[in-house]
Amino acid sequence: MSNSSMPSELQTIRVFLPEMIHRLESVVPYASALVTQESGTSLRLDSHRELVAERQPRRGIVFTLFNGRFFQEWATDNLDQRYLDQKIIEMCRMFQSSDVTEPRFFINPGEIMDRHYTSCYEIDPDDVKLTDMVEECRHLIKRLHELDNRVVNTSINYHDSKEYKMFFNRSRVLSSALTTCSVHLVTVGADKGSVRMNFISKGGVTGFEIMTFSDEELHEMLDDLNRLFMSKSLDPGIYEVISTPQVSGILAHEAFGHGVEADMIVKERARASQYLGRKVASPLVSMIDDPSIPGLNGHYFFDDEGEIAVPTMIIENGVLRRVLTDLRSASVLNLPRSSNGRRESFERKVYSRMSNTYFCPGSTPVEDMVGSIDRGLLLKKSSSGMEDPKGWGIQVGIDLAQEIRNGRITDEVYAPLTMTGYIPDMLNSITQVGDSLGFMDGGGSCGKGHKEMVRVSAGGPHLRFKVRLG
Amino acid sequence: MRRIIEALHRHKAIDQWRLLNQTSTSYQLYVIGSMVDCIRKVITNRYYITLYCRHGSGMGHTHLTLLEHELDSLDVRLESAIFVAGRVSNPYYELPGPGYSPAVETFDPSLLGDIEDILFVKLADRLIDAVEREPYVRLSSSEYFLDIQDLRLLNSRGLNAEWKQSEIFFDGVLLSGGPGEEKEIHFEPRARRLQDLDLEVIIRNQAQFARDARHAVLPPSGKYPVVLSGEALTHVFSPIVHHTSGDCQYRRTSRLKPGQPIYLSDEPLGDPLTMISNGFMPFGLRTSPVDHDGIPAGRHEIIREGIFMKPWCMKQSADYLGVEPTGEIANLEIPVGNHAGMTLYDDDQSVLQVHEFSALMPDVVSGGFAAEIKVGYLHRKGEVTPVRGGAVSGNLLEGFNHAYFSTEGRKGQYGLSLTSFGTYSGPESIRFDTFQVSGS
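In this text, all values refer to a predicted model and were calculated from it rather than measured experimentally. (Residues numbered from 1 in each chain as written. Chains lettered and ligands numbered in written order. Predicted model: local features only at pLDDT ≥ 70, side-chain atom pairs only at ≥ 80, totals over all residues. Heavy atoms only, no water.)

### Focus on the overall build of chain B
A count of helical and extended segments in chain B gives eight helices and 22 strands. Since a compact globule built from 440 residues should have a radius of gyration of about 22 Å, the 24 Å found for chain B is in line with a globular shape. A buried classification covers 63% of the 440 residues belonging to chain B. At a minimum sequence separation of 6, the contacts of chain B that also span at least 24 residues come to 71%. (Helix = DSSP H or I, 4+ residues; strand = E, 2+ residues; numbered from the N terminus. Rg over C-alpha atoms; globule rule 2.2 N^0.38 Å. Buried < 20%, exposed > 50% of the residue type's maximum accessible area, 1.4 Å probe, protein only. Contact = heavy atoms within 4.5 Å.)

Here you go:
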């Protein structure tokens, strides 16, 4: 099967690569290849400076060979057939003369499949004139400066890309074409010697339609910016809180999600391995990772090891059901394979990685949740967190929190804060789960430690729980 | 390169250009326990082109990246880039011309030897042996990256700089404690030279942190002195670096003004800060003969004794501000203070030492931060208790109003002999008296 949505150079590769895999498998028990190509436009404009450029293209191929004991990978950005052919000869020669042993574990190449996938969007960024894109950004900057005279600088980072991916092993030839768009709008305000910043992000596997900002969105950003000038520091302690879907998402991803990535279990770095089938959260809590949700930033059709994207139920009614696997961890641990084998690019290795990770919605309207709190905080905005899969510790930075007093949200604002504690304590303290599901805005990315960035999204409903803040 | 340069000259709409060729080879080894998990080799060759087109009173510029086998489409790509550059307009500025390109040390020639021997014997085996010598700890996993790059930077004004650089990076995780109670310590040292990675020292220190983590407690909540040391110092200067940038000055988003004290409110109570951008630091991770624009490496005093002397500026901001360009911020050199390290803990009240945060990501605009403690110690009247969890919060711009620097220079928590985290040479510990601790 070929598809016209793939660039012609990649279509050529689709023709000759299966034979290369066949040759490699004459010397090793398993071989596969992943070809990726990413290109697009990047706009960076602010009140004082402008730059439009092509996104730094990432194009390359990685061959993965399993020699029975471990994986060996060879990667390059040179996709020339003759060059690759020569390298295949060298690899075959190397393995013929090296020690390929009886496999320590077997790799299932999956059912036979030949498919192509294309993502959906309303407006193809390639159909939008560059001049119009730039004007749109300039207009947005002007609007923000007119709305508030404390704004000293506004910057817009816009990116779109076409991501092409092809996976080959002896059973599968899979390809996909994804369109992604993201925009990050940052406003810096100055008042009486202090400088504060606030932002809006939008994006995902989507089209140029995200480049629309309502007056309401801009006013909310500026209101929060102004609130930040009045923010106070919070007395450290344990607080009753309600997280917005964005903060719930960061919790799902950072606090719990990293701990169920099965490569961490292989390394004995994940406490979750001892809790499979056991209670880890309040019965109100269920959590899913699902790369198949269209539009979201963690969306893909198959992972980087050729596994078709499907949802994985991680926590079901408070019980830990499944972990997220890549090919190696599933093979070694004899766990079901999930579609979470991902790599930053052809230049990096595959790990078990999340995609779109979220808490499932419950049944309580947000107004009822706020109305039932005498004294607490609404954790409104967060942009970062850090995982601790071994210790199940939480570190989530809160950029903005508003006081809840006598069932109402007040103008008392606290920032910045850090949420810390022990994840099961936090998850077991959840007493109310909101009735509507939301996801983090914007094209977020996630690292493993401080590297290996992949695009992800996270979300959930509003959650009510107790946590340490400082 | 010649083919690209000829094409750049052929297109008359291009007023200025910059071309960087980067060829890289990356060798990667991944180990779980003492078993090899994966071996990788990655070869790339890229040409990064920035072209500048004048139109009216302004100038637009854009970037494009070419791969080796894309040179046949060079003219089409340049035409497209010229169109793109014409869509935006900035005030004119000029690229630096040919000039002195200082000889700086960025490459370790010992890496030209047998790569397998370096990865397996000089790194992995040595690290595994070092862990085996440490009681009550074991190695979960380790990853080793050895990158060698050849770089050549040219521009339309005749700049021609060529250099080679190396980087060795490893990512290790140690575990300590009984089943179900194990704690982990994760470390990621990075250096340009193999000899700067003193694996035995790194493991000795990290093993001690791992053992201490087993009986670490939450620190008490309150406002009391906090001493940052080791990796916790990594991002402490980032708000000050942000506010002293030419970019920030030009955009008028800085709280600081050249010639003025950096202290914003009260009279400073602690040691005055001096901050130098040092592009010469041997084998520093931000050392290179020229920056991305082609500005030669230099040593620039950005802050002297608490006074903001001059912004660090890339060429564009420098031209706009009418000042001399310093180039990109390089390695940070902070002169040591007058306080012997241990005296920083002398106090009637508790003093918290934080050696590592889970992730310190300050808001560089406001200076605000809040970060979880990963490796810490509570010092109280000579007693030292390991601390883990809880958080420290405060403002890093205001924090220097009341900060004290140790006399000891950082030799490096990772055992790096010249710089600490590869980009910093300065006090081993800094005490801040204005932060808040959230714990028990």
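After that view, the rundown keeps rolling.
### Here's the deal with the interface of chain B and chain A
The interface of chain B with chain A comprises 76 residues on the first partner and 71 residues on the second. Where chain B abuts chain A, roughly 6,300 Å² becomes buried across the two surfaces, and 51% of that area is made up of carbon and sulfur atoms. Considering only the surface of chain B that becomes buried against chain A, Arg40, His69 and Arg251 of chain B emerge as the three largest contributors, covering 10% of it. The tally of links from chain B across to chain A stands at 14 salt bridges. A salt bridge links Asp37 of chain B to Arg328 of chain A, with the shortest nitrogen-to-oxygen separation between them at 2.3 Å. Inspection of the chain B/chain A interface yields 43 residue pairs in polar contact (both at pLDDT 80 or more). For the side of chain B that touches chain A, the element with the most residues is strand β2 (residues 35-55) of chain B, which contributes 13 residues. (Buried area = accessible area lost by both parts, 1.4 Å probe. Salt bridge = Lys/Arg side-chain N within 4 Å of Asp/Glu carboxyl O. Polar contact = N/O pair within 3.5 Å; in protein donor to acceptor, adjacent residues only side chain to side chain.)

### Some points on the environment of Met354 of chain A
Of note, Met354 of chain A is situated in the loop between β14 (351-352) and β15 (356-359). Here the alpha-carbon distance between Met354 of chain A and Val332 of chain A, two residues 22 residues apart in the chain, equals 19 Å.

### Some thoughts on the domain arrangement of chain A
Frequently, the measure chosen for interface size is the accessible area that the parts lose on association. All names here are of chain A. By domain assignment, chain A separates into domain 1 (8-229) and domain 2 (237-469). Computed from C-alpha atoms alone, the centre-to-centre distance between domain 1 and domain 2 is 23 Å. Contacts between domain 1 and domain 2 engage 46 residues on the former and 36 residues on the latter. In total, about 3,100 Å² of surface goes out of reach between domain 1 and domain 2, with carbon and sulfur atoms giving 62% of it. Counting across the interface, domain 1 meets domain 2 through five salt bridges. Where domain 1 packs against domain 2, one counts ten residue pairs in polar contact (both at pLDDT 80 or more). Those elements that place two or more of their residues in the side of domain 1 that touches domain 2 are β1 (30-46), β3 (58-66), β4 (71-76), β5 (113-118), β6 (151-168), β7 (172-191), β8 (194-204) and α4 (215-229). Broken down by class, the residue content of the side of domain 1 that touches domain 2 amounts to 17 nonpolar, 16 polar and 13 charged. (Domains from an automatic or database assignment. Nonpolar A, V, L, I, M, F, W, Y, C, P; charged D, E, K, R; others polar.)

### Focus: the packing of helix α1 (residues 2-10) of chain B against helix α2 (residues 74-85) of chain B
Residue and element names in this part refer to chain B. Two numbers describe how α1 lies on α2: the axes approach to 10 Å, and their chain directions differ by 45°. It follows from the interaxial angle that α1 and α2 lie oblique. With respect to the hand of their crossing, α1 and α2 are arranged in right-handed fashion. In this structure, α1 uses Arg3, Ile4, Ala7, Leu8 and Arg10 to contact α2, whose residues at the interface are Leu74, Asp75 and Leu78. Here the residues of the contact of α1 with α2 are counted per class, giving five nonpolar, no polar and three charged. (Axes fitted to C-alpha atoms, helices over the stretch in contact; angles between N-to-C directions. Parallel < 35°, antiparallel > 145°, perpendicular 65-115°, else oblique. Left-handed = near helix turned anticlockwise from the far one by under 90°.)

### Overview of the packing of aromatic side chains
In total, this model carries 25 aromatic pairs over all chains according to the counting rule given. The interplanar angle of 45° and the centroid separation of 4.9 Å between the aromatic rings of Tyr250 of chain B and Tyr320 of chain B together place this pair among those described as tilted. Here Tyr250 of chain B, found in helix α6 (residues 246-250), pairs with Tyr320 of chain B, found in helix α7 (residues 315-321); they are 70 residues apart in sequence, far enough to count as distant. Summarising the burial analysis for this pair, Tyr250 of chain B and Tyr320 of chain B share the class buried. Cluster of aromatic residues (ring-pair linked, three or more members): Phe237, Phe357, Phe369, Phe400, Phe405, Tyr424, Phe432 and Phe435 of chain B. A cation over a ring is seen here: Lys202 of chain A above Phe213 of chain A, with NZ or CZ 4.3 Å from the ring centre. One residue, Lys381 of chain A, lies across the ring of Phe199 of chain A, its end atom 4.5 Å from the ring centre. (Phe/Tyr/Trp six-rings, centres within 6.5 Å; stacked < 30°, edge-to-face > 60°. Lys NZ or Arg CZ within 6 Å of the ring centre and 35° of its normal.)

### Observations regarding unusual backbone geometry
Residues and elements named next belong to chain A. The step from Ala415 to Pro416 runs through a cis peptide bond, and the omega angle for that step is -15°. One can find Pro416 in the loop between β20 (408-414) and β21 (417-422). Although it is not a glycine, Asn317 adopts a positive phi angle of roughly 45°. As for its placement among the helices and strands, Asn317 is situated in the loop between β11 (312-316) and β12 (319-320). The backbone of Glu452 shows a phi angle near 60°, a positive value even though the residue is not glycine. Judged by its relative accessible area of 1%, Glu452 falls in the buried class.

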